[in-house]
Structures are given as structure tokens and as C-alpha cells.
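Coordinates in review
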Amino acid sequence: MEFSVKSGSPEKQRSACIVVGVFEPRRLSAVAEQLDEISEGYISNLLRRGDLEGKSGQMLLLHQVPNILSERVLLVGCGKERELDERQYRQIISKTINTLNETGSMEAVCFLSELHVKGRDTYWKVRQAIEATQDCLYSFNSLKTRIEEPRRPLRKIIFNVPTRRELPIGERAIAHGLGVSEGITTCKNVGNMPPNICNPAYLAEQARILENDYDSVSTHIVDESEMEELGMGSYLAVGRGSANESMMSVIKYNGADNDSAPIVLVGKGVTFDSGGISLKPGEAMDEMKYDMGGAAAVLGTMHSIAELKLPINVIGILAGCENMPGSNAYRPGDILTTMSGQTVEVLNTDAEGRLVLCDALTYVERFNPELVIDVATLTGACVVALGKHASGLLSTHNPLAHELLNASDQSGDRAWRLPLWDEYQEQLESPFADFTNLGGKGAGTITAACFLARFTKKYHWAHLDIAGTAWRSGGKDKGSTGRPVSMLTQFLINRSGQEQGE
Ligand code: BES
Ligand code: MN
Ligand code: ZN
């Protein structure tokens, strides 16, 4: 897809399609008004006859509108003018893109980016439009032998901005939107890949590809023998029941001076979570291929920031392994010695994510990080608490939590904070080891984070539980959402001090 920005009037456009908004009830947006005048009331006539009410998401495609140079005019219902918010804006853009893609307009000039969205500027509107478009047009086809493509797909879209002065802002928004979208696509592609292909070695290969594509990126793969030397007893235990070797990929992005402390992202990369000896029930077990969604998001974010050339240092960890019930598998009752030296009694082999992450979190101490964020499809309890709309955010450092919430608000990639009070730590007490890997009844997302907090005392840390947000479940619509690449990249854009054009 090709994107650009322009500042022009609708009647002067010579395009396959121009896209303008209509509010409810039957009220023309400023741009639609201009078209109406040129066409001598053609549009207002249609509305009067009841062809379009203006309800959010309604579409009416017109051909050969009198005195209009463009072949088509797409009228898009935008709901009540005063109620147009961020969510509606994104939905309207998505519907528009689908309509354009299906109705043969290979290019379009879109004026929806001029609509007034509460509290949002041109940068935001253009960037969101780019991300929504790329999200809409994504499909995972690499393993299909027959692919249905639209005959005349949308190839080029021009977003209009109200004044010429805003053109550089729009261009910056396009660059950011494309950079973020590229990372989201990477995240989706590995997330959708089946577990017989996407194993820990495959994740490592993706890290290598990034290294080859960008001079600013270098990687190191920690294999099982190195983990052994490092004393990563907990991480190794999880992978022991699988024939696929555990591999931890360390991806370094160098965008600033070497002496600037890196931000570290750690992603849970369980390429298939069968539950191990504490085997999961069969229903929807296929979806546990997305238990590497955290690693996929870290990979995607690294891709985005390399593309955007952000002036910071970031290290991304893909903590790859597979949780299987092989004859050498770890068991409930086992006591593991973690890299930190702390011992853990395993009460359930299905609470494996924290056992992998805890050693990865100890490993990253060596980088003297500025801060560490881990990203993981960690608990079913998070899906119960927050559903699919918000990622769970837990942190021992308030300023960091606020920065992340701010980035989530800016990007529309939502997160919601849960508490991490010491009271919950009691739920991890063990009679045999320092603590257990199971928090028991109640507050499963919090006790999982409490477990991780015991390994993150040496730096500022936040944890994102993406069990509900990384994946769309069920039906033919299921698949990776690419979340939370957008939030993380926004956080890093903010951190790198790149102004957004205001
Ligand atoms: N990968 C799962 C969490 C999960 C569940 C992600 C559903 C996405 C959807 C994790 O490893 C797990 O199995 N967690 C257990 C923890 C429990 C045994 C304490 C869970 O949530 O049931
Ligand atoms: Mn599990
Ligand atoms: Zn898991």
C-alpha cells in the first residue's frame, strides 16, 4: 500500500474515489457540503430521499456525480458529529478501507482525516488511519495453496489534511504509522505461524533475519548448553519435556551512544503450551500456539524501532521454549533452582510462563537496564478480569506504569493497571522451597506478577499480561492481533523524545 498526504479541495481531485463523511441525521460534513454545491445539490437530494441516514459505518458509493472530476464518491456515515470519538473513527476508517477494497477503487483520496475527533490532532488521525488500514488489509496466506484476492485491490490512499501547514505533520504521521504497522505485521506473521513450524529455533531465525536486515541490530542466541552454564534451571526445566531445544534470542538495537543504558523488553516465547504433565483440556488447545505472543510482540517492536531509527538503545529478548509432557518433562512436586539462586516448588507445570520469564529477567541484569518490561500471555485469569480489550499492566514503579498507560492511550492499544501489593505475595508460600509457582485461588494475574516481582528487584520493571489481547479467539476470524506492538512502540517513541509534530 502506498500512502501520502495532500491539502486540497474535494472538487479538484481527479481520483478513482473521494471519501467524505456524512453525520447523523443526514448532515453533510464541511467537505461533503463543498461537493454538494459543485454538483448542484446532487448529494443533499439523495439524503433527502432517505438513501443515507449518516449512522456510523453506513456506506453509500456514488458514480459519476455531476461536475465532479473523480469517478466515484464514497459517502461514509460518521454518526452524530459531537459523538465522534477515537474508537468510532477507527471503525469508520476500517469499514471504508474494506468497502474501497471490494468495490474496485484502486486509489482514493480520503477526507475523513479532516473530521473532528475529540481531543485528537492531525498527527493522530493520519497515523491511526494508516494503522487501521494496514490492520484491515492484513491476511495470513503463506500456508494456503489457494488464495482469493480482490480483482482490483486498493493500492494507494491519499489522506487530506485541512491546511498546507500541516503537511509535514501528516508526513511524519505516515512514517510513524508505517513503521509501527510493519512491526505489527511481523508480530502477526510469527503469531499465526503453526507450532510445528514456529518453534524456539524459528523464533531465533526471525531474530537473525532482523539482524541481517538492519545494521543497527545484532543478535545472540543463548542455547541450552549456555543456559546450563548460566544456571537457568527454571527455564531449562520447562523445555525438558520437548524434543525442540529451548533458545533464548537476544536482539540488540543500537540507536544511541554505547553508554546510554538500554531499555529491555522480554517476551514469553512458549511456542506451544500443552500444559506439560499438568496437561490442558483438549478444547481449543490449538490456540496455545500463540503462547509466544509476547516474544512476537517484542520481535515486532524491535522491527518497528529499527525501521523508525529511534535514537535509543533497546534490547529485546525472545524467551523461546516448548511446554510438552515428554518422558523427561518436569513434574508437579519438582523443586527448581532459578538463575537468581532462589528455589521454586512446581505445583503445576501449566504455570510455566513465569518459570521461563524469571530466568530471562535475571539474565538481563547484566545489561544494567534503564528499565525492563516483560510481555506475556501469562494467565487465563487476565482474560477473565479484562477480556480482550485491555492488556493487564502491573508494575512496582509508578512513573513507569504511568508512562505505559499514557502510551496505551495515545496508541489506542489499551492497558489497565492491576495492583501488586505485598499482601498477595503470601499466596506463593511453600513448605519445601523459597516459594511455589502457583498462587492458588483468586487474583491469578496478580500472583503471577508477584512471582516475577521477586526477580526484578534490581531495576525498574513493568509487566504486561496480554493473554486476552494478543489473539482473537474462535471461528474463522481467529488470529494474532499484533498487540501490544503499537503501545510499546509508542512508549519508545515517547522515550526517544521524538516530538509528534505539534
Ligand atoms: N499460557 C497460559 C495462559 C493463557 C491462558 C493464555 C489462556 C491465553 C489464554 C499459561 O501458561 C497458563 O497455562 N496459565 C495457567 C496458570 C495456572 C496454572 C496458575 C492458567 O491461566 O490457567
Ligand atoms: Mn501454561
Ligand atoms: Zn503458557
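Below or above, wherever it landed, is the structure these notes cover. Quantities reported herein were computed from a predicted structural model and do not represent experimental measurements. (Residues numbered from 1 in each chain as written. Chains lettered and ligands numbered in written order. Predicted model: local features only at pLDDT ≥ 70, side-chain atom pairs only at ≥ 80, totals over all residues. Heavy atoms only, no water.)

In the first shell of the manganese ion (ligand 2), the protein supplies Asp273 (OD), Asp350 (O), Asp350 (OD) and Glu352 (OE), at 2.0 to 2.2 Å from the metal. One can describe the donor arrangement at the manganese ion (ligand 2) as irregular, given that its six donor atoms subtend angles of 71 to 169° at the metal. Expressed as a motif, the donor residue spacing for the manganese ion (ligand 2) is D-x76-D-x1-E. Between the manganese ion (ligand 2) and the zinc ion (ligand 3), a spacing of 3.1 Å is present, and a bridge between the two is formed by Asp273. Pair noted here: Asp273 is in strand E10 (residues 263-273) and Asp350 is in the loop between strand E13 (343-345) and helix H10 (353-363), with a separation of 77 residues, a long-range link. For Asp273, a relative accessible area of 3% puts it in the buried group. (Donors = N, O, S within 2.8 Å, 3.2 Å for Na, K, Ca; no water. Tetrahedral: all angles 85-135°; square planar, octahedral: opposite > 155°, others 65-115°. Helix = DSSP H or I, 4+ residues; strand = E, 2+ residues; numbered from the N terminus. Buried < 20%, exposed > 50% of the residue type's maximum accessible area, 1.4 Å probe, protein only.)

Protein coordination at the zinc ion (ligand 3) comes from Lys268 (NZ), Asp273 (OD), Asp291 (OD) and Glu352 (OE), with a distance range of 2.0 to 2.4 Å. Every donor counted, the six donor atoms about the zinc ion (ligand 3) form angles of 78 to 177° at the centre, which fits octahedral coordination. Each donor residue of the zinc ion (ligand 3) lies on one chain, and together they are spaced K-x4-D-x17-D-x60-E. Note on Lys268: relative accessible area 1%, which makes it buried.

Right, let's talk about the pairing of strand E4 (residues 59-63) for a bit. Side chains Leu60 and Leu62 of E4 all project onto a buried face; the interleaved residues Met59, Leu61 and His63 project onto a face where none is buried. Direction of pairing for E4 relative to strand E5 (residues 72-77): antiparallel, over a ladder of five bridges. Bridge assignment links Met59 to a residue of E5, and that residue is Val76. (Pairing = 2+ DSSP bridges.)

Strand order in this open sheet of three strands is E12-E13-E17, and the pairing throughout is mixed. If you trace the sheet from one side to the other, it starts and ends with strand E12 (335-337) and strand E17 (435-436), each paired once. Where E12 meets E13, three bridges bridge the pair, whose relative direction is antiparallel. Opposite Ile335, over in E13, you have Glu345 as the bridge partner.

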